[in-house]
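This is what each chain is made of:
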Amino acid sequence: MKRFAVPLVLAGALVLGGCSSMSDTEQRTLSGAAIGTGAGALAFWMTGGCTACGAAIGGAVGAGAGYVYDQVKKSN
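Below or above, wherever it landed, is the structure these notes cover. Just so you know, these numbers come straight off a predicted model, no measurement behind them. (Residues numbered from 1 in each chain as written. Predicted model: local features only at pLDDT ≥ 70, side-chain atom pairs only at ≥ 80, totals over all residues. Heavy atoms only, no water.)

**What to know about helix H2 (residues 24–46)**
Convention followed: The numbering of helices and of strands both runs from the N terminus, where a helix is a DSSP run of H or I of at least 4 residues and a strand a run of E of at least 2. The span you would expect from a helix comes to 1.5 Å times its residue count less one. Throughout this description, buried means an accessible area under 20% of the type-specific maximum (1.4 Å probe, protein chains only), exposed means over 50%, and partly exposed covers the range between. Between two residues, a contact is recorded if the distance between any of their heavy atoms is within 4.5 Å.
Taking 1.5 Å per residue, 23 residues should reach 33 Å; H2 reaches 33 Å between its end C-alpha atoms and fits that length. Regarding H2, the residues found buried are Thr-25, Gly-32, Ala-33, Gly-36, Gly-40 and Ala-41. As for H2, its buried residues are in contact with helix H3 (51–75).

Structural data, given as structure tokens:
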């Protein structure tokens, strides 16, 4: 498990660094997609389903939710 820690931290730093020039809408949509992907994969894995399918469905739902959240924030 320790051998995966350094690459995981580096990958996270690269992903977060790449978001600095994105608009608020893009950042919120991408954040929603990332959270949804993780949640969907975990949920499908825990129930014995197709993990990749769960990640794809969760990512799509999360991206949509992130976009809707952005539109609500802009209207306030």
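**Topic: the environment of Thr-51**
Position of Thr-51 among the secondary structure elements: in helix H3. Thr-51 sits 10 residues away from Ala-41 along the chain, and the two C-alpha atoms are 4.9 Å apart. Discounting residues that sit within four places of it in the chain, Thr-51 has contacts with Ala-41, Phe-44 and Trp-45.

**Re the environment of Gly-59**
You can see Gly-59 is positioned in helix H3. Given a relative accessible area of 11%, Gly-59 falls into the buried group. For Gly-59 and Leu-30, which are 29 residues apart along the polypeptide, the C-alpha to C-alpha distance reads 9.1 Å. Excluding residues within four positions of it along the chain, Gly-59 makes contact with Ala-33, Gly-36 and Thr-37.

**Quick word on the packing of H2 against H3**
How we decide: Between N-to-C directions, angles cover 0 to 180 degrees, with each direction set by a line fitted to C-alpha atoms, over the stretch in contact for helices. Note: crossing handedness is left-handed where the near helix turns anticlockwise from the far helix by less than a right angle, and right-handed where it turns clockwise. Residue polarity is assigned by list, with Asp, Glu, Lys and Arg as charged and Ala, Val, Leu, Ile, Met, Phe, Trp, Tyr, Cys and Pro as nonpolar; anything else, Gly included, falls into the polar class.
Where H2 contacts H3, the axes come no closer than 6 Å and their chain directions differ by 145 degrees. Taken as a pair, H2 and H3 cross one another with a handedness that is right-handed. Grouping the constituent residues of the contact of H2 with H3 by class yields 9 nonpolar, 12 polar and 5 charged.

**Quick look at the pattern of salt bridges**
Here is the rule we go by: Within this document, salt bridges are pairs made up of a side-chain nitrogen of Lys or Arg and a carboxyl oxygen of Asp or Glu, the two lying within 4 Å of each other.
This model, assessed by the stated rule, comprises 2 salt bridges. Linking Asp-70 and Arg-28 is a salt bridge whose minimum nitrogen-to-oxygen distance equals 2.8 Å. Placement of the pair is Asp-70 in helix H3 and Arg-28 in helix H2, with a sequence separation of 42 residues. Residue classification places Asp-70 among the buried residues on the basis of a relative accessible area of 0%. In this structure, the salt-bridge partner of Asp-70 is Lys-74, at a minimum N-O distance of 3.4 Å. Here Lys-74 and Asp-70 lie together in helix H3, a separation of 4 residues that amounts to about one turn.

**Remarks on a nonpolar patch on the surface**
Applied cut-off: Patches were defined on residues exceeding 30% relative accessible area and lacking a salt bridge, with like-charge contacts within 9 Å and nonpolar side-chain contacts (Val, Leu, Ile, Met, Phe, Trp, Tyr) within 5 Å. Here the open area of atoms and residues is found with the Shrake-Rupley method and a 1.4 Å probe, where only the protein chains shown may cover a residue.
Side chains of Leu-42, Trp-45 and Met-46 sit close together on the surface and give an oily, nonpolar patch of about 390 Å² of accessible area. Topologically, Met-46 is positioned in helix H2.

Worth remembering: the numbers are spatial, not functional.
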